[in-house]
Amino acid sequence: MGTRKLEIIGNSALITLNGIKKVPAKIDTGAESSSVWASDIAMDADNRLSFCLFAPGSEFYTGERIVADDYKAMLVRNSTGQAKVRYRVHLSVKIGKKNIKAGFTLADRSKNNFPVLIGRRLLKDRFLVDVSQLEVPYPPRIQDMELNAELEQNPQAFHQKHMSS
């Protein structure tokens, strides 16, 4: 680390990704790599990878195709241990005051609260995470609200349906 001062960020941030401003990102010190919501991922005849950031319906989707000659494949495990093969590309990202060229795996994050996840590899030697800071509020989880409404309506039936094995 040397004498470089680490910038303090919270567990979420508004970032600029490949020129797209104010994209909400989850800061995840439990994840090794960073991930971005990508769609229409394709390989052309010249072995170039192309994709769009985000997808139609996302407020951040521009429809612009990004073409990458420099990409890798990665085996990524989620918190439950499931492994998936994903492409990893380098994108320009601005977090706080820092402009960084960093690796991101391409994934369908349409069902995630945040379209971008920032992992340890990008954070290391650049940022200190203060979990008490929250730049982007977490949206309420609709599934949890629905579950609690069901629980409140009939606790016995809820227990029988969801907790009995």
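Above this text is the structure in question.
Structure report, in brief. On a predicted model such as this, the values are computed, not experimentally measured, just so you know.

What counts as what
Residues numbered from 1 in each chain as written. Predicted model: local features only at pLDDT ≥ 70, side-chain atom pairs only at ≥ 80, totals over all residues. Heavy atoms only, no water. Salt bridge = Lys/Arg side-chain N within 4 Å of Asp/Glu carboxyl O. Buried < 20%, exposed > 50% of the residue type's maximum accessible area, 1.4 Å probe, protein only. Helix = DSSP H or I, 4+ residues; strand = E, 2+ residues; numbered from the N terminus. Contact = heavy atoms within 4.5 Å.

**A few points about the pattern of salt bridges**
- Taken as a whole and assessed by the stated rule, the structure comprises five salt bridges.
- For arginine 48, the salt bridge is made with aspartate 46, and the minimal N-O distance between the two is 3.9 Å.
- Take aspartate 46: its relative accessible area is 57%, and that puts it in the exposed class.
- One continuous salt-bridge network, built from bridges that share partners, spans Asp44, Asp46 and Arg48.

**A closer look at the environment of isoleucine 100**
- With respect to the secondary-structure elements, isoleucine 100 resides in strand 9 (residues 98-107).
- Residue classification places isoleucine 100 among the buried positions, given a relative accessible area of 8%.
- Separated by 22 residues in sequence, isoleucine 100 and asparagine 78 have C-alpha atoms that sit 25 Å apart.
- With sequence-adjacent residues up to four places away left out, isoleucine 100 is seen in contact with Leu91, Ser92, Val93, Leu122, Arg126 and Phe127.

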